[in-house]
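# Descriptive structure summary
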Amino acid sequence: MTASVHAAHLAQLNVATLLHPLDDPRMAPFVEMLDPVNAAADGAPGFVWRLVEEGAADATALRPAGEDVIVNLTVWETQEALWDFTYRSGHLEVMRRRREWFERHVEAHLVLWWIPAGHLPTVGEALERLADLRANGPSPRAFTFASSFTSAEAAQHLRIVPQP
């Protein structure tokens, strides 16, 4: 985890339902991108932390949302840092090709929320935020890039001091 001067960090969970098992040859291009994309995230400005299965390089074997669902849980210093990595880096190639590997989600598959700096969210916490977003729509507790809230707006749900 990198050090940060921010009082709050942005947690992010996204889930993806696999079209095929990860060892299926049709998934090979995605699997081949995992290490380079994760390395890029680890070195990206504003990156704080990502969920990794113990003894593994990623979290693809963890299946807390269903046997055919992979999860990605990360923490970033700012929403801008996450946006830049997601849409202005090599990660964009994965986004462009996602329909080759993953089902189209009918309900929310990405959730963002503010956490106190230094807190590492659990998968349970992340899935609860996703459920909150799906049930109640965007709020300071659980939101998306399209319907975002600042850390100051979320402060009532956190024990943090908002940044000016």
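Because the structure is a prediction, the values reported are computed rather than measured.

Calculation criteria
Residues numbered from 1 in each chain as written. Predicted model: local features only at pLDDT ≥ 70, side-chain atom pairs only at ≥ 80, totals over all residues. Heavy atoms only, no water. Helix = DSSP H or I, 4+ residues; strand = E, 2+ residues; numbered from the N terminus. Buried < 20%, exposed > 50% of the residue type's maximum accessible area, 1.4 Å probe, protein only. Contact = heavy atoms within 4.5 Å. Areas by Shrake-Rupley, 256 points an atom, 1.4 Å probe, with all protein chains shown as cover. Lys, Arg positive; Asp, Glu negative; His and termini not counted. Charge placed at Lys NZ, Arg CZ, Asp CG, Glu CD. Core = buried A, V, L, I, M, F, W, Y, C linked by side-chain atoms within 4.5 Å. Pairing = 2+ DSSP bridges. Axes fitted to C-alpha atoms, helices over the stretch in contact; angles between N-to-C directions. pLDDT = per-residue confidence, 0-100. Polar contact = N/O pair within 3.5 Å; in protein donor to acceptor, adjacent residues only side chain to side chain.

## A look at the overall build of the protein
Check the secondary structure of the protein and you find five helices and four strands. The helix and strand sequence of the protein, counted from the amino end, reads β-α-β-β-α-α-β-α-α. Taken across its 164 residues, the protein has 44% of its residues classed as buried. Look at the contacts in the protein between residues 6 or more apart in sequence, and 71% of them connect residues 24 or more apart. Roughly 8,600 Å² of accessible area belongs to the protein as shown, and the carbon and sulfur atoms make up 54% of that amount. A distance of 6 Å separates the average location of the 13 positive side-chain charges in the protein from that of its 21 negative side-chain charges.

## Things to note about the nonpolar core
Among the nonpolar cores identified, the biggest contains 26 residues, and Phe-30, Trp-76, Trp-101, Phe-102 and Leu-112 are the most heavily contacted of them. Among the elements of the structure, β1 (8-17), α1 (28-43), β3 (69-76), α2 (79-87) and β4 (110-116) are those that each provide at least two residues to this core. For this core, the leading source of residues is α1, giving five residues. When neighbours within four sequence positions are excluded, Phe-30 is seen to be in contact with Leu-22, Ile-70, Val-94, Trp-101 and Phe-102. Membership of the second largest hydrophobic core comes to 18 residues, among which are Trp-49, Leu-51, Ala-59 and Leu-130.

## Section: the sheet that holds strand β2 (residues 47-50)
If you trace the four strands from one edge of the open sheet to the other, you get β2-β3-β1-β4, paired in antiparallel fashion. Where the open sheet ends on each side, the last strands, each with one partner, are β2 and β4. Averaged over neighbouring strand pairs, the angle between their axes works out to 25 degrees when direction is ignored. Strand direction decides the pairing type here: β1 and β4, joined by seven bridges, are antiparallel. Pairing of His-9 across the sheet is with Ile-115, part of β4. In the packing of α1 onto the sheet, contacts are made with β2 and β3, and the angle to β2 comes to roughly 140 degrees.

## Let's talk about the pairing of β1
Counting buried positions along β1 gives nine out of 10 residues, so the element sits mostly inside the fold. Where β1 meets β3, eight bridges bridge the pair, whose relative direction is antiparallel. Residue pairing across strands places Leu-10 opposite Trp-76, the latter belonging to β3.

## Side note on the confidence of the model for the protein
Do not read the fine detail of predicted coordinates wherever pLDDT is low. Summing up the model confidence of the protein, the mean pLDDT is 91 and the portion of residues at 70 or higher is 91%. Mean pLDDT values for the elements of the protein range from 84 in helix α3 (residues 91-97) up to 98 in β2.

## Here's the deal with the environment of Leu-34
Here Leu-34 is to be found in helix α1. Residue Leu-34 is classed as buried on the basis of its relative accessible area of 13%. When the C-alpha atoms of Leu-34 and Gln-79 are compared, they prove to be 22 Å apart, with 45 residues separating the residues in sequence. With sequence-adjacent residues up to four places away left out, Leu-34 is seen in contact with Asp-58 and Thr-60.

## Quick word on the side chain of Gln-12
When you line up the elements, Gln-12 lands in strand β1. Residue Gln-12 is classed as buried on the basis of its relative accessible area, which comes to 3%. Side-chain polar atoms of Gln-12 contact the side chain of Asn-14, separated by 2.5 Å. A polar contact of 2.7 Å, which involves the side chain of Gln-12, links it to the side chain of Thr-74. Residue contacts for Gln-12: discarding those within four places in its chain leaves Asn-72, Leu-73, Thr-74, Leu-82, Leu-110, Val-111, Leu-112 and Trp-113.

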